[in-house]
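Working through the structure, step by step
What follows is each chain in one-letter form.
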Amino acid sequence: MLNDEHVELRKSVEEFAREVVAPVIGDYYERCEFPYDVVRRMGAMGLFGLPVPEEYGGMGGDYFALCLALEELARVDSSVAITLEAAVSLGAMPILRYGTDEQKRRWLPGMAAGEILGAFGLTEPGGGSDVAGGMRTTAALDGGEWVINGSKAFITNSGTDITGVVAVAAITGRREDGRPEISTILVPSGTPGMTVSKKYSKVGWSASDTRELSFTDCRVPEENILGERGRGYAQFLQTLDEGRVAIAAVSVGLAQGCVDESLRYARERRAFGQEIGCYQAIQFKIVDMEARAHTARLAYYHAAERMVAGLPFKKEAAIAKLVASNAAMDNARDATQVFGGYGFMNEFPVGRFYRDAKILEIGEGTSEVQRMLIARELGLPT
Amino acid sequence: MNIVVCVKQVPDTATERKLRSEDKTLDRDAADGVVNELDEYAVEEALRLKEAHGGEVTVLSMGPAKATETIRKALAMGADKAVHLHDDALHGSDALGTSYAVSQALKKIGFDLVILGSESTDARTGMLAAMLAERLGAPQLTLASKVEIEGTAIRVERITDYGYDKVEASLPAVVSVVEKINEPRYPSFKGIMAAKKKPVETLGIADADIAADQVGLANSWSEVVDFAAAPPRAAGTVIKDEGDGGARAAEFLASKKFI
Ligand SMILES: Cc1cc2nc3c(=O)[nH]c(=O)nc-3n(C[C@H](O)[C@H](O)[C@H](O)COP(=O)(O)OP(=O)(O)OC[C@H]3O[C@@H](n4cnc5c(N)ncnc54)[C@H](O)[C@@H]3O)c2cc1C
Ligand SMILES: Cc1cc2nc3c(=O)[nH]c(=O)nc-3n(C[C@H](O)[C@H](O)[C@H](O)COP(=O)(O)OP(=O)(O)OC[C@H]3O[C@@H](n4cnc5c(N)ncnc54)[C@H](O)[C@@H]3O)c2cc1C
């Protein structure tokens, strides 16, 4: 399924993750600190520009390449993987897909180089699954400017020192059918009226940046609208469809990381006179972990392949995300068991995997939401 | 400036490495081949010099067919083209034979600057830079932790046990680098794609005017007479602190003449 360039890219990122990320990430995680130096080096090797065309400073690759990079990073650590995922699939991709040429020229080169991070502000304190129904943030035109009021919850990459812009979904009016008209507006970091709260204290992804944003008469020029007025809903549905494939790749990476760690430990750790890997109870756990990672990988490859080929992929993306996040969660639980007490220690990667796995079943559409989407695709009555 | 970087493919140090029983040479098929680590620093330095001064970076590797993977990585990092010195007659060459063959290839390619790693991770003789310089009649600037070029002058900081020496010469010259010199880049997707289109020229011994009676296992000056697996590491000494741990640790270090 992969061509030579994809295989070489995967190898390059695998080396990077092993040599650059693995030795330092545990400390950042423990301190809940954003790993600027690692992110700088990810930028230098072009990871943030993978699916961005060369004319906008990118690598001219495709979304599949991005997914492979995400998987290899997440095999070692999910915080850096999600930083890349959010910056590219939620930050850069909407600008690439819907932006004007001027918006693309302004934002994409810096984003593709990893010098500035983008964020996507969709979820609100009142709701993430029913995001349109729960939306309270508004934007009104006044003297050639959008005036934004409201707040956003759990926004990845929104408060780092290198965050450049947040795409904010807001209600810009009422449609004829009475439903809210939603549009996406680009708000550069540092715009007066946008307040970035302090970082959340999270269960996992501790070295990634997640914050609440609030807007009080926050004014940006009218031309900061992304694409057409009223297209916000369609834009984020498509963005999330793509993002699901990326989250599936992150999940597969975590699931595979659990296998890698368990294989090593099962050969090393001894109990009752032999390596614990000799016991079938341990072997079968690791075998099941490998089977889950493998099948989940096939699921996301399939979805990514359809996406890149321009075929419908909504159902495949939802299935990949559902299956892969479940695999990540199950593998994290089993790997921790293989490690015994050491699995419960933060200094071992599996402890980090355990804490990082759960969010994969929640972010960019919960598992329930994925099932709702699949049910709809199957034509079940609503 | 015409820079040639010498790159060796070595077996991955993370895997088990073996010699072949039939001719006592390294079993290069048994382990994954990777770029000799220091050679990535050599490639990086060449790319930085090119970025600063212009010119072209050529990768030169002597090795079996699968050394193309190593060449491809150097090209993906950003080198412009490559020469693969590949001939069955070269198999088993020692450092003298290798330096002769590589120097002949270098004469054919032409160069202002040759950059090497200071040591390989398999044979680890660390002799190649000096031998090449001698054979090419060029100054050698080894163990460089910093390289500066100004016109035809080249200045390096050469690491020593106590700090560094400043050494200056004029181009053309041969430099070998140490890890401290830079932070090698990882190939980007664009680099990987571009590498596919870069020219790789394969030279046999006749193409590079290499005399067959100077290379290969049969013509090596050094001979591997016998070999054995390294003995397993003996268990270390464990000192359990029962109040006198510090003193006993000091005693141990003193007995080994460390303090
Ligand atoms: C670390 C982190 C990073 C995030 N990053 C971003 C980001 O960058 N940008 C962004 O916009 N958002 C982000 N989010 C938000 C995330 O996408 C939402 O948390 C998620 O979509 C779920 O929304 P919610 O938290 O409001 O849960 P709710 O929607 O309140 O759901 C609560 C529960 O109800 C279930 N449920 C809801 N509706 C139904 C139904 N109809 N049938 C059955 N069950 C249902 C859900 O599945 C869930 O189990 C992030 C979240 C976290 C934790
Ligand atoms: C286990 C083992 C032991 C050996 N012991 C000896 C020995 O004792 N004496 C002896 O004469 N030979 C020995 N050899 C042979 C040795 O592999 C070759 O002579 C080798 O090509 C040069 O030596 P080196 O790798 O030590 O080079 P070094 O001088 O350690 O390497 C320095 C740099 O030279 C460049 N370079 C080295 N080889 C190549 C190449 N093939 N193509 C392009 N650039 C290259 C690289 O930039 C490298 O970083 C041994 C080989 C093995 C596998």
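Here the residue index of a chain counts from 1 through its sequence in written order. A letter from A marks each chain and a number from 1 marks each ligand, given out in the order of writing. With pLDDT at 70 or above as the cut-off, local features in this predicted model cover only qualifying residues; side-chain atom pairs require 80 or more to be listed or tallied, and sums for whole chains, interfaces and linings still use all residues. In computing side-chain properties, one takes all heavy atoms of the structure into account and sets aside hydrogens as well as water.

1. Some thoughts on the UniProt feature "domain: Acyl-CoA oxidase/dehydrogenase middle" (unreviewed entry) in chain A
This chain's UniProt record puts "domain: Acyl-CoA oxidase/dehydrogenase middle" (unreviewed entry) on residues 119-218 of chain A. The secondary structure listing takes helices from DSSP runs of H or I that are at least 4 residues long and strands from runs of E that are at least 2 residues long, numbered from the N terminus. Helix and strand shares over residues 119-218 of chain A are 4% and 53% respectively, and the end C-alpha atoms of the span are 17 Å apart. UniProt positions are given in the numbering used here, feature names are shortened, and annotations may be inferred rather than shown by experiment.

2. Observations concerning empty space enclosed by the protein
Residue and element names in this part refer to chain A. Space inside and on the surface of the protein is sampled on a 1 Å grid over the protein atoms alone, with a cavity defined as a set of points where a 1.4 Å probe fits but cannot get out and a pocket as an open set with protein on both sides within 12 Å along at least 5 of 7 lines; lining residues have an atom within 4 Å of a point. Grid points are joined across faces, edges and corners, and a volume is the space filled by probe spheres set on the points. All told, the structure shown has 1 cavity of 30 Å³ or more when counted by the stated rule. Taken as a whole, the largest cavity holds about 30 Å³ of empty space. Lining the largest cavity are F48, A87, V88, A92, M111, I116, L117 and G118. Listing elements by their share of the lining of the largest cavity, those giving two or more residues are α4 (78-98) and β1 (117-121). When residues in the lining of the largest cavity are grouped by element, the largest group, 3 residues, is from α4.

3. Let's talk about the environment of I116(A)
Residue and element names in this part refer to chain A. For I116, the position within the fold is in the loop between α5 (101-112) and β1. When accessible area is computed with a 1.4 Å probe and restricted to protein chains, residues below 20% of their type maximum are described as buried, those above 50% as exposed, and intermediate ones as partly exposed. You can call I116 partly exposed: its relative accessible area is 23%. A contact between two residues is defined here by any heavy atoms of the two lying within 4.5 Å. When residues no more than four places from it in sequence are discounted, the contact partners of I116 are W107, G110, M111, I162 and G164.

4. Focus: the site of ligand 1
Residue and element names in this part refer to chain A. Being near a molecule or strand, for a residue, comes down to having at least one heavy atom within 4 Å of it. Ligand 1 sits among 20 residues. The nearest are T123, G128, S129, F154 and T366. A distance of 2.7 Å separates a nitrogen atom of ligand 1 from a polar atom in the side chain of T123. About the coverage of ligand 1: the protein hides 64% of its 980 Å² of free accessible area. Take the shell around ligand 1: its biggest share by element is 3 residues, from strand β3 (residues 145-156). Of the residues that constitute the shell around ligand 1, the class distribution is 9 nonpolar, 8 polar and 3 charged. Whenever a nitrogen or oxygen atom comes within 3.5 Å of another N or O atom, the pair is scored as a polar contact, on the condition that within protein one atom can donate a hydrogen and the other can accept it, and that pairs from neighbouring residues in sequence are kept only if both atoms are in side chains. Here the open area of atoms and residues is found with the Shrake-Rupley method and a 1.4 Å probe, where only the protein chains shown may cover a residue. Gly is put with the polar residues, along with every residue not named as nonpolar or charged; the nonpolar set is Ala, Val, Leu, Ile, Met, Phe, Trp, Tyr, Cys and Pro, and the charged set is Asp, Glu, Lys and Arg.

5. Side note on the pattern of salt bridges
Here, a salt bridge means any side-chain nitrogen of Lys or Arg that lies within 4 Å of a carboxyl oxygen of Asp or Glu. In the structure shown here, the tally under the stated rule is 48 salt bridges over all chains. R175(A) serves as the salt-bridge partner of D177(A), at 2.9 Å between the closest nitrogen and oxygen. Its relative accessible area of 48% is what places D177(A) among the partly exposed residues. Residue R175(A) is classed as partly exposed on the basis of its relative accessible area of 38%. Here K73(B) ties to E40(B) by a salt bridge, and the two come within 3.0 Å at their closest N and O atoms. You can see K73(B) sitting in helix α2 (residues 68-77) and its partner E40(B) sitting in helix α1 (residues 37-53), a full 33 residues away along the chain. The same class applies to K73(B) and to E40(B), which are both buried. Where salt bridges share partners, they join K11(A), E15(A), E40(B) and K73(B) into one cluster.

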